[in-house]
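Remarks on the overall topology
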Amino acid sequence: MGVPIVLVHGLRLSSSMWRPQVELLASEGRRVVAPDLPGHGSRRGEEFSLGGAVDAVLGAIDGVGGRALLCGLSLGGFISIAAAGASSGRVAGLVAASCTARPAQALAQVYRIPSVLMDRLPDRGAAVNERFHRLTLRDGAAEAVLDGGLAVEAATAVIDQVQGLDTLSALASYEGPVWLVNGARDHFRIHEKKFFDACADGRLVNVPRAGHMVSLDQPANFSRIVADAADVVSVREGVRERGRRLGPGAESS
C-alpha cells in the first residue's frame, strides 16, 4: 500500500475536488484522504485561520498513522508548505501544485479585488463562480468541484490570513523531497524558480496544456505524478525504517 497520501483543496473549494485523484489512486490500493479546511466543504460556517488550516492538515496526517505524502493545490499548496515547515517529521514528502507565487502577490493581486466585488452581490458571487467552473472544466471535473459547494464567503478571510505566509522560509526549513507541480499555462508560476531554489530536495514539474486547476485539467496525468511521488517516498521510508532499526550507519551500509 505504501505511504498514505493526504490531499488538500484550493480556495472556495472542498475535498470533493480531489474525486478523480481519490478514485484513481485508491484503485491502485493506495490509502488516500482529503480533509476539508475550516470554512470550506463540510466545515462551511467555521472561521478560517492559517493555524486552523495547518492543524486540519496535520490532523489528517495523524489520522493515517502520523506520516504521509502531503499534496495541496493553490491555497492547499500554501497550507501544505506551511504544514511541512511546521511539522516536517509528519510530512514524508510534499507535492505543492499551482502555488509557486508568493501569497502576498498571488492572493492580493489576483483574488482580493474580485473577492471584494463578489461580496457585494446578493449571493456573494456563487452563481458566477459556478458558471465559471462549468465553462472551464470538462469530463465530470466541474461536478467534482461543485458537489462539495463553493465557499465564496470564505475568500476574504483566507486572503487576509494567508497573504503574510512566508512560503520560501517554510520550504527552506523542510528537508524532505518536494515536487513543485504547475500547469504550463498557470499564472501562479511567476516565482517557481525562487520556490525551487528554496527546496533542499526539489523537483519542478510543468504539465503541458494545463492551467491553474492542473489536477482537474489533466486528472490522470496529475494522479500519476502523485503516485510516482508516493512511490519515491515509500522507498525512502523503507530505507529510513531500516536505518532506525539497525542504528547509525545502516542507511549507507
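One can find the structure itself at the top, above this paragraph.
Residues numbered from 1 in each chain as written. Predicted model: local features only at pLDDT ≥ 70, side-chain atom pairs only at ≥ 80, totals over all residues. Heavy atoms only, no water.

Let's talk about the overall build of the protein chain
What counts is decided by this rule: Secondary structure elements are defined from DSSP: runs of H or I of at least 4 residues count as helices, runs of E of at least 2 residues count as strands, and each element is numbered from the N terminus. Categorising residues by exposure relies on relative accessible area from a 1.4 Å probe, with only protein chains included: less than 20% of the type maximum marks a residue as buried, more than 50% marks it as exposed, and the intermediate range marks it as partly exposed. Calculation of accessible area relied on Shrake-Rupley with a 1.4 Å probe; when residues are assessed, cover is drawn exclusively from the protein chains displayed.
Each helix and strand counted, the protein chain has 11 helices and 6 strands in total. Buried residues in the protein chain amount to 52% of all 253 residues. Accessible area for the protein chain stands at about 10,800 Å²; split by element, carbon and sulfur atoms hold 52% of it.

Points about the packing of helix H2 (residues 50–63) against helix H3 (residues 75–86)
Rule in force here: Axis lines are fitted through C-alpha atoms, for helices just across the contact stretch, and the angle between N-to-C directions can take any value from 0 to 180 degrees. To sort the angles, those under 35 degrees are grouped as roughly parallel, those over 145 as roughly antiparallel, those from 65 to 115 as roughly perpendicular, and the leftovers as oblique. The contact criterion used is simple: two residues touch if any of their non-hydrogen atoms lie within 4.5 Å. Residues are grouped as follows: Ala, Val, Leu, Ile, Met, Phe, Trp, Tyr, Cys and Pro are nonpolar; Asp, Glu, Lys and Arg are charged; every other residue, Gly included, is polar.
Where H2 contacts H3, the axes come no closer than 9 Å and their chain directions differ by 75°. In this view, H2 runs roughly perpendicular relative to H3, as classed from their interaxial angle. Contacts between H2 and H3 pair Leu 50, Ala 53, Val 54, Val 57 and Leu 58 from the former with Ile 79, Ala 82 and Ala 83 from the latter. By residue class, the composition of the contact of H2 with H3 is 8 nonpolar, no polar and no charged.

So, the pairing of strand S5 (residues 178–183)
What counts here: Paired strands, in this sense, are two strands between which DSSP finds at least two bridges.
Of all 6 residues in S5, 6 are buried, a share of seventy percent or more. Neither face of S5 is open: one carries Val 178, Leu 180 and Asn 182, the other Trp 179, Val 181 and Gly 183, and all of them are buried. The pairing of S5 with strand S6 (residues 202–207) spans 6 bridges and is classified as parallel. Looking at S6, one finds that Val 181 is bridged to Val 205.

Observations concerning the pairing of strand S1 (residues 5–8)
A regular strand places its side chains so that they alternate between the two faces of the sheet. What counts here: For crossovers, right-handed means that the path from the first strand over the helix to the second runs clockwise, given strands pointing away from the viewer.
Side chains of S1 alternate between two faces, with Ile 5 and Leu 7 and Val 6 and Val 8 buried alike. Bridge count for S1 against strand S2 (residues 32–33) is 2 bridges, and the pairing is parallel. Across the sheet, the residue bridging to Val 6 is Val 33, located in S2. One crossover worth recording links S1 to the parallel S2 by way of helix H1 (residues 19–26), and it is right-handed. As defined by bridge partners, S1 adjoins strand S3 (residues 68–73) across 4 bridges and the pair is classed as parallel. If you follow Val 6 over to S3, its bridge partner there is Leu 70.

Details of the packing of aromatic side chains
As a reminder of what qualifies: Any Phe, Tyr or Trp ring, taking Trp's six-membered ring, that has another such ring centre within 6.5 Å forms a pair; planes under 30 degrees apart are called stacked, those over 60 apart edge-to-face, and the others tilted. Placement of a charge over a ring requires the Lys NZ or Arg CZ to be within 6 Å of the ring centre, with the centre-to-atom vector within 35 degrees of the ring normal.
Enumeration according to the criterion identifies 1 aromatic pair in this entry. Arg 203 extends its terminal NZ or CZ atom over the ring of Trp 179, reaching a point 4.5 Å from the ring centre.

Observations regarding the sheet that holds strand S4 (residues 91–97)
Taken together, 6 strands build an open sheet; the order of strands is S2-S1-S3-S4-S5-S6 and the sheet is parallel. Across the chains shown, the open sheet's two edge strands, defined by having one partner strand only, are S2 and S6. The pairing of S4 with S5 spans 4 bridges and is parallel. Within S5, the residue paired with Leu 94 across the bridge is Val 178. This element, H3, spans S1, S3 and S4 of the sheet and lies at about 145° to S3.

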